[in-house]
Amino acid sequence: MIHAAILFAIAVAQPAPTSFVTTAQLQADCVAGVGGDEAGMIRCASAVMAEAEKLKVTPDQPSTCMAVPHVAPEKIIWSYIDWLSANPPDGSVEAAPGIMTALLEKFPCGWEGL
């Protein structure tokens, strides 16, 4: 099994999913990934990180409140997985809005680096 940090690095380097990814599809990938399925973790992490990148604070895109200086990709992905457990969504809807909701609940001001 590949070390988790290597999986996250691979996932971050993957292109963002271009097709409509449902919450059910992404949840299945995340659960499989947590269970040790490397392909599932890569699909889960790449989808979550693609949305997470939109919340990253930069000099061109500053936060209006105190941003977290650094967030590990694992925390970002687990924030989404935990949010799914607490907020069972309609599995047929697009996953992206749920990812953003989960991340904004956990990190309302964004972060400066991954």
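Above this text is the structure in question.
A few points on the structure. (Residues numbered from 1 in each chain as written. Predicted model: local features only at pLDDT ≥ 70, side-chain atom pairs only at ≥ 80, totals over all residues. Heavy atoms only, no water.)

A few points about the packing of helix 3 (residues 38-52) against helix 4 (residues 73-86)
The description of two helices packed together rests on the angle between their axes and the distance between the axes.
Part 1: At their nearest, the axes of helix 3 and helix 4 sit 10 Å apart, and the two run at 100° to each other. Taken as axis vectors, helix 3 and helix 4 run roughly perpendicular relative to one another. Residues C44, A45, V48, M49 and A52 of helix 3 form the contact with helix 4, whose participating residues are P73, I76, I77 and Y80.
Part 2: Partitioned by chemical class, the residues of the contact of helix 3 with helix 4 number 9 nonpolar, no polar and no charged. (Axes fitted to C-alpha atoms, helices over the stretch in contact; angles between N-to-C directions. Helix = DSSP H or I, 4+ residues; strand = E, 2+ residues; numbered from the N terminus. Parallel < 35°, antiparallel > 145°, perpendicular 65-115°, else oblique. Contact = heavy atoms within 4.5 Å. Nonpolar A, V, L, I, M, F, W, Y, C, P; charged D, E, K, R; others polar.)

A word on the pattern of salt bridges
Part 1: The full count for this structure, using the stated rule, is 2 salt bridges.
Part 2: D29 serves as the salt-bridge partner of R43, at 3.0 Å between the closest nitrogen and oxygen. Taken as a pair, R43 in helix 3 and D29 in helix 2 (residues 23-34) lie far apart in primary sequence, 14 residues in all.
Part 3: By relative accessible area, R43 is classed as partly exposed at 41%.
Part 4: A salt bridge links E51 to K54, with the shortest nitrogen-to-oxygen separation between them at 3.1 Å.
Part 5: On the basis of relative accessibility, which here comes to 13%, the residue E51 falls in the buried class.
Part 6: On the accessibility criterion, K54 (48% relative accessible area) is partly exposed. (Salt bridge = Lys/Arg side-chain N within 4 Å of Asp/Glu carboxyl O. Buried < 20%, exposed > 50% of the residue type's maximum accessible area, 1.4 Å probe, protein only.)

Digging into the packing of aromatic side chains
Part 1: Within the structure shown, the criterion is met by 1 aromatic pair.
Part 2: A ring pair is formed by Y80 and W83, whose centres lie 6.4 Å apart and whose planes are at 20°; its orientation type is stacked. Here Y80 and its partner W83 are both found in helix 4, 3 residues apart, which amounts to about one turn of the helix.
Part 3: Classification of W83 as buried rests on a relative accessible area of 13%. (Phe/Tyr/Trp six-rings, centres within 6.5 Å; stacked < 30°, edge-to-face > 60°.)

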